[in-house]
Amino acid sequence: MAQAKIQAKAGDGHNGGRFCRSMSMAARSSHLLEVLDDLEIRVQTLRDSASALELEKETLLEMIHNVKNSQDMRNISDGEREELTLTAERLMGRTVTVEVSVETIRNPQQTLSLQQATSIIDEILKKVMDNLEGGKKLLMSLYASCISDVPSVPIDQKFQSVIIGCALEDQKKIKRRLENLIRNIDNSEKSITLLEIQKQKAVPLQNNKI
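Source: prediction; values computed, not measured.

Draft legend 1. Summary view of the UniProt feature "coiled-coil region" (unreviewed entry) in the protein. Residues annotated by UniProt as "coiled-coil region" (unreviewed entry) correspond here to residues 36-63 and 168-198. A helix fraction of 100% and a strand fraction of 0% characterise residues 36-63, whose end C-alpha atoms lie 40 Å from each other.

Rendered as structure tokens:
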């Protein structure tokens, strides 16, 4: 009888030991899961911060370019224009030295969709120089395909189907690229219009001088 009790206690101790070890493993697993959850948040924060820096770099380069090619630059003396142009080029040179890269994880289909979307945009850009207004309309049609709001211009159905196949981060970048391109064309149109106005004003002055 005594021997049976001893064996029972030994058995309980053995089972109890396994139970304690199981609880310990579960606790470790839970702790590791919490650590990985926290790290996942930090990784996403890192990617978001890097993406914000990418956007800031693009914005700065665009702003410097716009200043350098603005109408105000044309309405100052040659000496002042040269000095300000050198400053703008220096700032642009410093900006491009900042390297920020956030790689997007894509499957083969998403990679193919990105290549197709890029190719469509590049083909339109080749036409912009020959037809600024026509190129702008095509770009606006592509941009309308990227937004969820009701577009003010017809959307490009083919481009929309391609965009849907892209990774979410690529969709955002393509949309941002189209916004920048349209804005640059708008600025170019303003410069051309101002230049035409100046030419029209110069004609009567030349006639009067004659």
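Draft legend 2. Region of interest: the pattern of salt bridges. Under the criterion given, the structure shown has 10 salt bridges. A salt bridge links K173 to E54; the nearest nitrogen and oxygen atoms lie 3.9 Å apart. With K173 in helix α7 (residues 168-209) and E54 in helix α1 (residues 2-68), this residue pair connects regions lying 119 residues apart in the sequence. Of the residues examined, K173 reaches a relative accessible area of 27% and is grouped as partly exposed.

Draft legend 3. Quick peek at the environment of Q71. With respect to the secondary-structure elements, Q71 resides in helix α2 (residues 71-74). Expressed as a C-alpha distance, the spacing of Q71 and N187, which sit 116 residues apart in the sequence, is 9.8 Å.

Draft legend 4. How the structure looks around a nonpolar patch on the surface. Taken together, the side chains of V35, L36 and L39 present a nonpolar region at the surface, about 240 Å² in accessible area. Checked against the element boundaries, L36 lands in helix α1. Judged by relative accessible area, L36 falls into the exposed class, the value being 54%.

Draft legend 5. Quick peek at a negative patch on the surface. Side chains of E34, D37, D38 and E40 sit close together on the surface and give a patch of like negative charge. Along the chain, E40 turns up in helix α1. You can call E40 exposed: its relative accessible area is 55%.

Draft legend 6. Region of the structure containing the layout of surface pockets. By volume, the second largest pocket is sized at about 220 Å³. In terms of lining residues, the second largest pocket is bounded by Q44, R47, D48, S51, E54, V102, E169, K172, K173 and R176. Sorting elements by how many residues they give to the lining of the second largest pocket places α1 first, with five residues. Within the lining of the second largest pocket, the residues separate by chemical class into one nonpolar, two polar and seven charged.

Draft legend 7. Region of interest: helix α3 (residues 78-96). In a regular helix each residue adds 1.5 Å, so 19 residues correspond to 27 Å; α3 covers 27 Å between its end C-alpha atoms and thus fits that length. Looking only at α3, the buried set comprises T85, A88 and T95. The arc that holds every buried residue of α3, seen down its axis, measures 85°, which confines them to one face. Turned more than 90 degrees away from the buried face of α3 sit E82, E83, L86 and R94, all of them exposed.

Draft legend 8. Molecular detail of the packing of helix α4 (residues 108-128) against helix α6 (residues 157-164). Here α4 crosses α6 at 145°, and the two axes come no closer than 8 Å. α6 is crossed by α4, and the crossing has left-handed handedness. Residues S113, Q116, A117, I120 and I121 of α4 touch α6, and the partners they reach there are F159, V162 and I163. Its residues assigned to classes, the contact of α4 with α6 shows six nonpolar, two polar and no charged.

Parameters and conventions
- Residues numbered from 1 in each chain as written.
- Predicted model: local features only at pLDDT ≥ 70, side-chain atom pairs only at ≥ 80, totals over all residues.
- Heavy atoms only, no water.
- UniProt positions renumbered as here; feature names shortened; annotations may be inferred.
- Helix = DSSP H or I, 4+ residues; strand = E, 2+ residues; numbered from the N terminus.
- Salt bridge = Lys/Arg side-chain N within 4 Å of Asp/Glu carboxyl O.
- Buried < 20%, exposed > 50% of the residue type's maximum accessible area, 1.4 Å probe, protein only.
- Patch = residues over 30% accessible without salt bridge, like charges linked within 9 Å, V, L, I, M, F, W, Y side chains within 5 Å.
- Areas by Shrake-Rupley, 256 points an atom, 1.4 Å probe, with all protein chains shown as cover.
- Lys, Arg positive; Asp, Glu negative; His and termini not counted.
- Charge placed at Lys NZ, Arg CZ, Asp CG, Glu CD.
- 1 Å grid on protein atoms, 1.4 Å probe; cavity = no way out; pocket = protein on both sides within 12 Å on 5 of 7 lines; lining within 4 Å.
- Points joined across faces, edges and corners; volume = space filled by probe spheres on them.
- Nonpolar A, V, L, I, M, F, W, Y, C, P; charged D, E, K, R; others polar.
- Expected span 1.5 Å × (residues − 1).
- Arc of directions from axis to C-beta.
- Axes fitted to C-alpha atoms, helices over the stretch in contact; angles between N-to-C directions.
- Left-handed = near helix turned anticlockwise from the far one by under 90°.
- Contact = heavy atoms within 4.5 Å.

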